[in-house]
Amino acid sequence: MAAAAAAEDKGGVAAPDRQPGALRGACLCLVECFAKSAQRRPGQLLHRPPPAGLLDGVTSAAAFVLYFLAYEAQTGVNLARSPRHLPKVMLLVWASKHVTRPFRWAAVAGLAPLADRLLDTLQRRMRLRSRGVAFALCVACTAVCCLGAVGALLLSRWVQPVGG
């Protein structure tokens, strides 16, 4: 323990006092290491409100799903089976992100107090050491949900129905 405290005082990252091999402990240790390294280099980080990246991820995934389904309904082309049409959908996603940027930033400004309360609540209820860990947990959950939705859409279109 004394070595861990000395490592923290010198700016290093202390070894966790959790069970070795526990997945939760390893993930939290990695997130805490990232948060501590980010605190040592504050000038190199992007200064964006916390919900900005989360909202970008959610809107990108939602736009991809919507354009994917709309393109498939309009043209009758199964995009999961003919990937040469996929760049058209990605171009629509990219263009819509640039068109909706002012609205997304307005939403970010409105959601910032809610995000602060969410991070504080997560940190308190899960007994996390810092808000950076709570934010990383929110990012991970959002990424899993968005990638899961896009993956489920692609897999549902890739697999042919039985007997059809």
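Rules and cut-offs
Residues numbered from 1 in each chain as written. Predicted model: local features only at pLDDT ≥ 70, side-chain atom pairs only at ≥ 80, totals over all residues. Heavy atoms only, no water. Helix = DSSP H or I, 4+ residues; strand = E, 2+ residues; numbered from the N terminus. Contact = heavy atoms within 4.5 Å. Areas by Shrake-Rupley, 256 points an atom, 1.4 Å probe, with all protein chains shown as cover. Phe/Tyr/Trp six-rings, centres within 6.5 Å; stacked < 30°, edge-to-face > 60°. Buried < 20%, exposed > 50% of the residue type's maximum accessible area, 1.4 Å probe, protein only. pLDDT = per-residue confidence, 0-100. Disulfide = S-S within 2.5 Å. Polar contact = N/O pair within 3.5 Å; in protein donor to acceptor, adjacent residues only side chain to side chain. Core = buried A, V, L, I, M, F, W, Y, C linked by side-chain atoms within 4.5 Å.

Engineer: What should I look at first to understand the overall build of the protein chain in this one?
Structural biologist: Within the protein chain, the secondary structure is distributed over six helices and zero strands. Scanning the protein chain from its N terminus toward the C terminus, one meets helices and strands in the order α-α-α-α-α-α. Sequence separation of 24 or more characterises 60% of the internal contacts of the protein chain that already satisfy a separation of 6 or more. Total accessible area computed for the protein chain in this model is approximately 11200 Å², and 68% of it derives from carbon and sulfur atoms.

Engineer: Got a minute to help me understand the packing of aromatic side chains in this structure?
Structural biologist: Geometry of an aromatic ring pair is reported as the spacing of the ring centres plus the angle between the planes. Counted under the stated rule, the structure contains one aromatic pair. Measuring from centroid to centroid gives 5.7 Å for Phe64 and Phe68, while their planes differ by 45 degrees, and the two rings are tilted. Placement of the pair is Phe64 and Phe68 together in helix α3 (residues 50–75), with a separation of four residues, close to one helical turn. In this pair, the class of Phe64 matches that of Phe68, namely buried.

Engineer: Got a minute to help me understand the confidence of the model for the protein chain in this structure?
Structural biologist: Atom-level detail of predicted coordinates should not be read off regions where pLDDT is low. Averaged over all residues, the pLDDT of the protein chain equals 75, while 66% of them reach at least 70. At the low end of the mean pLDDT range in the protein chain sits helix α1 (residues 2–9), at 48; at the high end sits helix α4 (residues 86–99), at 89. Here residues 11–23 scores under 50 on pLDDT; set against residues more than four positions off or in separate chains, the count is 18 contacts.

Engineer: Just to check I follow, could you spell out the state of the cysteines for this structure?
Structural biologist: With the rule as written, the count across this model stands at zero disulfides. There is no disulfide at Cys138, and the cysteine sulfur nearest it, in Cys141, is 6.8 Å away. For Cys138, a relative accessible area of 11% puts it in the buried group. Here Cys146 is not cross-linked by a disulfide; its sulfur's nearest cysteine counterpart is in Cys145, at 6.8 Å.

Engineer: In this structure, what is going on with the side chain of His85? I would like to understand it.
Structural biologist: In this structure, His85 sits in the loop between α3 and α4. For His85, a relative accessible area of 13% puts it in the buried group. Of note is the side chain of His85, whose polar atom sits 3.1 Å from the side chain of Tyr71. Excluding residues within four positions of it along the chain, His85 makes contact with Tyr71, Val77 and Leu79.

Engineer: What exactly am I supposed to notice about the nonpolar core here?
Structural biologist: Where a protein is soluble and globular, its nonpolar side chains tend to be buried together. Counting 13 residues, the largest nonpolar core has Phe64, Phe68, Tyr71, Leu79, Val89 and Val150 as the members making the most contacts within it. Among the secondary structure elements, those contributing two or more residues to this core are α3, α4 and α6 (131–158). Ranked by residue count, the leading element in this core is α3, at six residues. If you look at the next biggest cluster of nonpolar residues, it comprises six residues, including Leu54, Leu119, Val133 and Ala134.

Engineer: Sorry if this is basic, but what is going on with the environment of Thr59 here?
Structural biologist: Mapped onto the elements of the fold, Thr59 is located in helix α3. Assessed through its relative accessible area of 25%, Thr59 is described here as partly exposed. Sequence spacing of Thr59 and Val93 is 34 residues, and the spatial spacing of their C-alpha atoms is 9.2 Å. Not counting the four nearest positions on each side in its chain, Thr59 is found in contact with Lys97 and Arg104. Polar side-chain contacts of Thr59 include one of 3.1 Å to the backbone oxygen of Asp56.

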